[in-house]
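Listed below, chain by chain, are the residues.
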Amino acid sequence: MDGRIVSSCVCVVIINFTHSRQPYALIENAATDEEYRKCGLATTCLDYAKEIAVRENCCKMMLLTGSKEESTLRFYERAGYNRHDKTAFIRWL
């Protein structure tokens, strides 16, 4: 907007040796500037990431968030992700 990036996410396609060697996509650092939230921009970013994953024949997409806000978690669920299939562990270096 006005020459500024106000919403983005990182989508990384990762080579996989399971699932018939289909890659998978990892989504992280989804963020929207507070001034531009609730405008559909984050949904647009996630939809574009899904297009990349489909184009790359990914078997799944995983999304990591550091947020514990229920509204944020519900947003991701409405976007098609669930919080029940996997458990994420992080080791900070």
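Data block above holds the structure.
A brief structural summary. Treat the numbers as computed from the prediction; the structure is a model and nothing was measured.

**Focus: the side chain of S7**
Stage number 1. Residue placement: S7 occurs in strand β1 (residues 7-14).
Stage number 2. Looking at S7, the relative accessible area reads 14%, which means it is buried.
Stage number 3. Among the polar contacts listed, one links the side chain of S7 to the backbone oxygen of A31, at a separation of 3.5 Å.
Stage number 4. Polar side-chain contacts of S7 include one of 2.8 Å to the side chain of T32.

**Digging into the layout of surface pockets**
Stage number 1. The calculated volume of the largest pocket comes to roughly 1,400 Å³.
Stage number 2. Surrounding the largest pocket, 43 residues form its lining, L63, T65, T72, L73 and Y76 being those nearest its centre.
Stage number 3. Secondary-structure elements contributing two or more residues to the lining of the largest pocket are β2 (24-32), α1 (41-55), β3 (61-63) and α2 (70-78).
Stage number 4. The element contributing the most residues to the lining of the largest pocket is α2, with 7 residues.

Calculation rules
- Residues numbered from 1 in each chain as written.
- Predicted model: local features only at pLDDT ≥ 70, side-chain atom pairs only at ≥ 80, totals over all residues.
- Heavy atoms only, no water.
- Helix = DSSP H or I, 4+ residues; strand = E, 2+ residues; numbered from the N terminus.
- Buried < 20%, exposed > 50% of the residue type's maximum accessible area, 1.4 Å probe, protein only.
- Polar contact = N/O pair within 3.5 Å; in protein donor to acceptor, adjacent residues only side chain to side chain.
- 1 Å grid on protein atoms, 1.4 Å probe; cavity = no way out; pocket = protein on both sides within 12 Å on 5 of 7 lines; lining within 4 Å.
- Points joined across faces, edges and corners; volume = space filled by probe spheres on them.

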